[in-house]
2 protein chains.
Amino acid sequence: MAQINENFIKIPATYLFSEIAKRVAQHKEENPTAPIIRMGIGDVSLPLPDASVDAMIKAADEQRSAETFRGYGPEQGYAFLREAIVINDFTNRGIDIAEDEIFVSDGAKSDTGNIGDIFDVNNRVAITDPSYPVYVDTNAMAGRAGEPTATGEWTNLVYLQCNSENNFVPALPTEKVDLVYLCYPNNPTGTTLTKEQLTVWVEYAKANNVILLFDAAYEAFITEEDVPHSIYEIEGAKDVAIEFRSFSKTAGFTGTRCGYTVVPKQLMGNTANGEKVSLNKLWNRRQCTKFNGTSYIVQRAAEATYSPEGKKQVKALIDFYTENARIIREGLTKAGYTIFGGVNAPYVWAKAPVGMGSWEYFDFLLKEKNIVTTPGAGFGASGEGYVRFSAFGSRENTIEAMKRLEK
Amino acid sequence: MAQINENFIKIPATYLFSEIAKRVAQHKEENPTAPIIRMGIGDVSLPLPDASVDAMIKAADEQRSAETFRGYGPEQGYAFLREAIVINDFTNRGIDIAEDEIFVSDGAKSDTGNIGDIFDVNNRVAITDPSYPVYVDTNAMAGRAGEPTATGEWTNLVYLQCNSENNFVPALPTEKVDLVYLCYPNNPTGTTLTKEQLTVWVEYAKANNVILLFDAAYEAFITEEDVPHSIYEIEGAKDVAIEFRSFSKTAGFTGTRCGYTVVPKQLMGNTANGEKVSLNKLWNRRQCTKFNGTSYIVQRAAEATYSPEGKKQVKALIDFYTENARIIREGLTKAGYTIFGGVNAPYVWAKAPVGMGSWEYFDFLLKEKNIVTTPGAGFGASGEGYVRFSAFGSRENTIEAMKRLEK
C-alpha cells in the first residue's frame, strides 16, 4: 500500500494570497471604478536588463547549429557564470570564495527548499518570525517541524521574534538548536543586521556547532555601509554558513529563473558519531543526483548582469525601486505611521494603528484608500499588527498611493 | 550540533563515467592518433528545432519592455504550454488528461528525483535492473533503500531483473512492494513493453495498491504500433500511475531544460490509517513550496515543439537518431553480436561475447575498434555482460563504427 508523506497533510493550506485576492475582488465588485493600487506584490515590474535579453538571444541563436549547440551542462553551473559570480560578488568585495563553492540553480526558492535534503530529520530548526514561508513549510514537509498548533506555529520549530520591541534584531536562541535560517535584508520586514549584529550570530554558530542558512536574495538593495552584502564578510562565517543568492529581485529574473548557493569547502556537518563531513560534497551530490543544471540560455542572461552594461542596467533597476521605497517611507511617515525597513530593502513594514490587527489594517487600506498590501500575520505570528508595502510597483502608483495616505 | 543526512554517505561514489573517461584517456595516450568514436553518450548531438529557437528569441525580446515582461509564472507551468501538452500528447492519442494534471518542470531528472518527497520513507520500492541510477540514488538519499551491500545493491530495494533470459520483461514482484519505477522505452536497454505487457503491470498495481512511477522520457522514439506512448493508454492507469515526460531527447532540450509530470486527480495515496489522499494535491503543494516554475523563455521553446513547423523539425530529429539506431542494430548483427532494443529507442543493448564482462567488452571495443560504449554493469547488476550503444552521434561516426565492427 503506497503511503504518503503525512507531513504534507499537516501543513495548513496557505490562505494568504487567496484571501487577499478574495477581499480585493469583493471590494472591486462593490466599487467597480475603485482605482486600486497593488502594493502587496513581491514580484518586480520593470523589464529585464537589455544586456541579459541580448545575451539570451545570442545564446538561443547558438542552439541552431550543431557546432555551437549546448547539451547537458555541468550540474553546478557553467564556469563562465561561476567565474563571474566569484569575481563580482565576492573577490571584488574582498571575500575569498572559490568557483567550486558556487552552485548555480533555477532560483533561491528551490535552493532554500531543497537544502534540507542534506540534513538529518532530527535537527532542531530556528527561524526568525516573521519569515519567508518556504523555510517553515519545507521543514514541515521533511518532518523537522513537528506538529502544527492552533495558532499556526509548529511544536519543533524555534521562533525568534522580530518586532519593534527588539528593533527587529532576533535574540540568540535560548534553547539548543542546530540550524538557523536568517534572511537579511529581511523579507518581509525590510530590516537588516549590521556587521556587528551578524558577527554575534557567526560567533554563536561557531561556539554551538550550529549551521546558519543565510538568505541574501535582497543584498543588491543595501545602501548603508555597515550592512554586510554577504555573510562571508564576517570572519569565520565560512565555517558555519551556507548563503543563498538570487537574480530575481536584483535583475528582474523572477520569470527567467536563476539563483545560486554558496557552500564553502571548509563547512562541515556532523554524523551521529561526531565525524565531520563536507557539506559542499553533500550538496554537490544532491544537485548531481536530482538536478541537471540551469538552462544554458538563462545562465548566459545571468552572466550578462555582470558585464559593464549589465551592471549599469541592474543599478538603474535597483535605484528605481530604492527611490520607490524612499517615497513609501516618506509618505507613510508623513501620514503618521510607524514604519521599519525600506532603506536597504524593497519592503517597508508598517505598524498598524493601535488596536488594529494585520487584516483590519489591510481592510482599512483597501476600503478607504484602495491600496492593496500584504498582512504581516501571513508571515508568522510576530507579523501580526503589521502590513508589508512593496516598492516593486510603478513610480506613478507609488506616488499616488502615498498622496492618498497623506490625506 | 548540525547533523547531516547520513544516507548520503552510504551512497558509493559514481565511478562509471569517470572510469570511462580514465580508460579513454589512457588509450589515447598510448595511441595518440586513434580515431576514437564516442557511442557512450546519452546526450543529443543535433541542434534545437528552429521553431524553438525562434520562440525563445521572441520570448526573450518580450522581456525588454514592461508591457510584455513576465515575472513569476504559475509554479505548475503556463496555460499555453499545459494546453499544448494536453492536446498533442494526450487528447490526440485518445487519452483524457486535464491541464491541472500536468506539472511543467525543468526536466525529468528533477521530477523523478523529487517525487519521493510526497511518499513516506517506509514505502518498499522496486526498480527494474538495469535502470537509470537516479531512481536508486534518490531513494537511497531519502532513506528508502536501506544499506548498500558489497555487490552495490541495496538491502531494502527490490530488483526486477531484465535480461535476455526474460527478454527484458520484468516479472511482477514476488514480495510486497509499494512503489515501482518503470522506464519504457527503457534506458539503458532500449527495450519496451507492449500494451499487453504494460496492462499486466497496471492490473497488478490496482490489485495490490501499488503506485507505478512511469518514466516515458523516450516515448518519441517509439515506432511500433503496440508499444504505448503513455501509460494512460492502458485502462485504469490513472488510478495507479504517475508519468514523467521530457523534452530532452525528443527535441534536444538537454541543455535548455524542460519536462513535465502527469499526476491524475483520481490517483490516491494512503495514510497509515488507510485514508485516501490525492497525490495531485500533494505534488502541487510540493511544487508550489519548493519550485518557482520553469523559465518563461524555455516554456515558449517547449510550446513551439507542438507548432506545425516544430512538429516537422522534431520528427526530423527523431528520424535521424532512429536511422542511426537501425544502422547500429544492422551493423552489430552483421558482426555477429546479440543485440536488443534500438527499435523504439535510441539505445542498443549488446551482449558481450561469452565469458566477457561489461568492462572487458568495453575495453575490447575501445582498444581494438576505437569505439567508446557504456558498460552495462554501470546501470545495475543485471547490466553485467552488456554494453550500451547510443544512437545520438553523427551519421558519419555511426556508419564508420559499424564498418569497424563488421571487419
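Just so we're clear, the structure is a prediction, and the values are computed from it rather than from any experiment.

Draft legend 1. Structural detail: the nonpolar core. Core analysis: the largest hydrophobic core is formed by 135 residues, its most contacted members being A:L212 and B:L212. Apart from the residues lying within four places of it in its own chain, the contact partners of B:L212 are B:V180, B:L182, B:W201, B:V202, B:A205, B:I231, B:V240, B:A241 and B:I242. Ranked by size, the runner-up nonpolar core spans 64 residues in total, among them A:I127, A:A145, A:V277 and B:A140.

Draft legend 2. Highlighting empty space enclosed by the protein. Overall, the coordinates contain five cavities of 30 Å³ or more when judged by the stated rule. A:S110, A:N114, A:F291, B:S110 and B:N114 are the residues nearest the centre of the largest cavity, which is lined by 18 residues in total. Counting only elements with at least two residues in the lining of the largest cavity, the list comes to α5 (108–114) and α9 (279–290) of chain A together with α5 (108–114) and α9 (279–290) of chain B. Partitioned by chemical class, the residues of the lining of the largest cavity number two nonpolar, eight polar and eight charged. The computed volume of the second largest cavity comes to approximately 100 Å³. In terms of lining residues, the second largest cavity is bounded by 16 residues, among which A:D106, A:T294, A:S295, B:D106 and B:S295 are the most central.

Draft legend 3. Local environment of the side chain of B:D129. All names here are of chain B. Its place among the elements puts D129 in strand β3 (residues 125–129). Although D129 is buried, it makes no salt bridge; R388 carries the closest opposite charge, 13 Å away. Within the structure, the side chain of D129 is placed 2.9 Å from the side chain of S382, a separation counted as a polar contact. If we skip the residues at most four places from it in the chain, D129 touches E153, Y159, L160, Q161, C162, F379, G380, A381, S382 and G383.

Draft legend 4. Looking closely at the UniProt feature "modified residue: N6-(pyridoxal phosphate)lysine" (unreviewed entry) in chain A. The feature "modified residue: N6-(pyridoxal phosphate)lysine" (unreviewed entry), as annotated in UniProt, sits at A:K249 in this numbering. Excluding its chain neighbours within four sequence positions, the residues that come into contact with A:K249 are A:G42, A:V44, A:A217, A:Y218, A:F221, A:T254, A:I318, A:Y347, A:F392 and B:Y72. Reaching out from A:K249, the side chain makes a polar contact with the backbone oxygen of A:G42 at a distance of 3.0 Å.

Draft legend 5. Focus on the side chain of A:T374. Residue and element names in this part refer to chain A. Note on placement: T374 falls in strand β14 (residues 374–375). Among the residues examined, T374 registers a relative accessible area of 0% and is labelled buried. In contact with T374, not counting residues within four places along its chain, are L16, F17, I20, G40, F379, V387 and R388.

Draft legend 6. Representation of the interface of chain A and chain B in the model. Counting from both sides, the interface comprises 83 residues of chain A and, opposite them, 83 residues of chain B. When chain A packs against chain B, close to 6700 Å² is buried across both sides, 57% of that on carbon and sulfur atoms. At the boundary of chain A with chain B, the tally comes to eight salt bridges. Here B:K109 ties to A:E75 by a salt bridge, and the two come within 3.2 Å at their closest N and O atoms. Joining chain A to chain B, the criterion identifies 46 residue pairs in polar contact (both at pLDDT 80 or more).

Draft legend 7. Representation of the pattern of salt bridges in the model. The final tally for this structure, using the stated rule, is 52 salt bridges over all chains. As a salt-bridge pair, B:K290 and B:D117 come within 3.0 Å of each other at their nearest N and O atoms. Here B:K290 is found in helix α9, whereas its partner B:D117 is found in the loop between α5 and β3, with 173 residues between them in sequence. Given a relative accessible area of 7%, B:K290 falls into the buried group. Looking at B:D117, the relative accessible area reads 15%, which means it is buried. Three or more residues are tied together by salt bridges with common partners; here these are A:E19, A:K22, A:R23 and A:D363.

Draft legend 8. Spotlight on the domain arrangement of chain A. All names here are of chain A. The domains assigned to chain A are domain 1 (14–47 + 309–406) and domain 2 (54–307). Here the C-alpha centre of domain 2 lies 26 Å away from the C-alpha centre of domain 1. At the junction of the two partners, domain 1 supplies 30 residues and domain 2 supplies 39 residues. When the two sides are added together, the surface that domain 1 and domain 2 hide from each other amounts to roughly 2600 Å², 58% of it contributed by carbon and sulfur. Broken down residue by residue, the surface that domain 1 buries against domain 2 is led by N344, F379 and S382, which jointly contribute 25%. Where domain 1 packs against domain 2, one counts one salt bridge.

Draft legend 9. Structural view of the relation of the copies chain A and chain B. Expressed as a screw operation, the relation of chain A to chain B combines 0.0 Å of axial shift with a rotation of 180°, fitting to an RMSD of 0.1 Å. Taken together, the rotation and translation relating the two chain copies correspond to the operation of a two-fold axis. Considering only C-alpha atoms, the residue of chain A closest to the rotation axis is A:I57, which sits at 2.6 Å. Residue by residue, 100% of the interface of chain A is reproduced at the interface of chain B, so both copies engage with the same surface.

Draft legend 10. Structural view of the sheet that holds strand β12 (residues 347–351) of chain A. Residue and element names in this part refer to chain A. In spatial order, the strands read β11-β12-β15-β14; together these four strands make up an open sheet with antiparallel pairing. Each edge of the open sheet carries a strand with a single partner, namely β11 (339–341) and β14. Of the strands in this sheet, β12, β14 and β15 (386–390) are in contact with helix α12 (residues 358–369), which crosses β15 at around 45°.

Draft legend 11. Structural detail: the UniProt feature "binding site: substrate" (unreviewed entry) in chain A. Mapped onto this structure's residue numbering, the UniProt feature "binding site: substrate" (unreviewed entry) falls at A:Y15, A:G42, A:K109, A:Y132, A:N187, A:N292 and A:R388. What stands out for the annotated residues spanning 374 residues is how far apart their C-alpha atoms range, the widest pair being 36.1 Å apart. Relative to the assigned elements, A:Y132 resides in the loop between β3 (125–129) and α6 (133–142). When residues no more than four places from it in sequence are discounted, the contact partners of A:Y132 are A:K109, A:T112, A:N187 and A:D215. For A:N292, the position within the fold is in the loop between α9 and α10 (296–304). Look at A:N292 and you get buried, because its relative accessible area is 10%. Residue contacts for A:N292: discarding those within four places in its chain leaves A:Y72, A:G73, A:E75, B:K109 and B:R257.

Draft legend 12. Here's a closer look at unusual backbone geometry. Residue A:P188 is bonded to the preceding A:N187 through a cis peptide linkage, with omega at 15°. Position of A:P188 relative to the elements: it lies in the loop between β5 (179–183) and α7 (195–208). Cis geometry is adopted by the peptide bond preceding B:P185, which originates at B:Y184 and carries an omega value of -10°. In this fold, B:P185 is placed in the loop between β5 (179–183) and α7 (195–208). The backbone of A:N209 sits at a positive phi, close to 55°, despite the residue not being glycine. Its location among the elements puts A:N209 in the loop between α7 and β6 (211–215). Using a relative accessible area of 30% as the deciding quantity, one classes A:N209 as partly exposed.

Draft legend 13. Broad picture of the packing of helix α3 (residues 50–62) of chain A against α10(A). Residue and element names in this part refer to chain A. Viewed as axis vectors pointing N to C, α3 and α10 meet at an angle of 150°, and their least axial separation amounts to 8 Å. Every pair of crossing elements has a handedness; the one defined by α3 and α10 is right-handed. Residue-level contacts link A51, S52, A55, M56, A59, A60 and E62 of α3 to Y296, I297, R300, A301 and A304 of α10. A per-class count over the contact of α3 with α10 returns nine nonpolar, one polar and two charged.

Parameters and conventions
Residues numbered from 1 in each chain as written. Chains lettered and ligands numbered in written order. Predicted model: local features only at pLDDT ≥ 70, side-chain atom pairs only at ≥ 80, totals over all residues. Heavy atoms only, no water. Core = buried A, V, L, I, M, F, W, Y, C linked by side-chain atoms within 4.5 Å. Buried < 20%, exposed > 50% of the residue type's maximum accessible area, 1.4 Å probe, protein only. Contact = heavy atoms within 4.5 Å. 1 Å grid on protein atoms, 1.4 Å probe; cavity = no way out; pocket = protein on both sides within 12 Å on 5 of 7 lines; lining within 4 Å. Points joined across faces, edges and corners; volume = space filled by probe spheres on them. Helix = DSSP H or I, 4+ residues; strand = E, 2+ residues; numbered from the N terminus. Nonpolar A, V, L, I, M, F, W, Y, C, P; charged D, E, K, R; others polar. Lys, Arg positive; Asp, Glu negative; His and termini not counted. Salt bridge = Lys/Arg side-chain N within 4 Å of Asp/Glu carboxyl O. Polar contact = N/O pair within 3.5 Å; in protein donor to acceptor, adjacent residues only side chain to side chain. UniProt positions renumbered as here; feature names shortened; annotations may be inferred. Buried area = accessible area lost by both parts, 1.4 Å probe. Domains from an automatic or database assignment. Least-squares fit on C-alpha atoms with pLDDT ≥ 70 in both. Pairing = 2+ DSSP bridges. Axes fitted to C-alpha atoms, helices over the stretch in contact; angles between N-to-C directions. Left-handed = near helix turned anticlockwise from the far one by under 90°.

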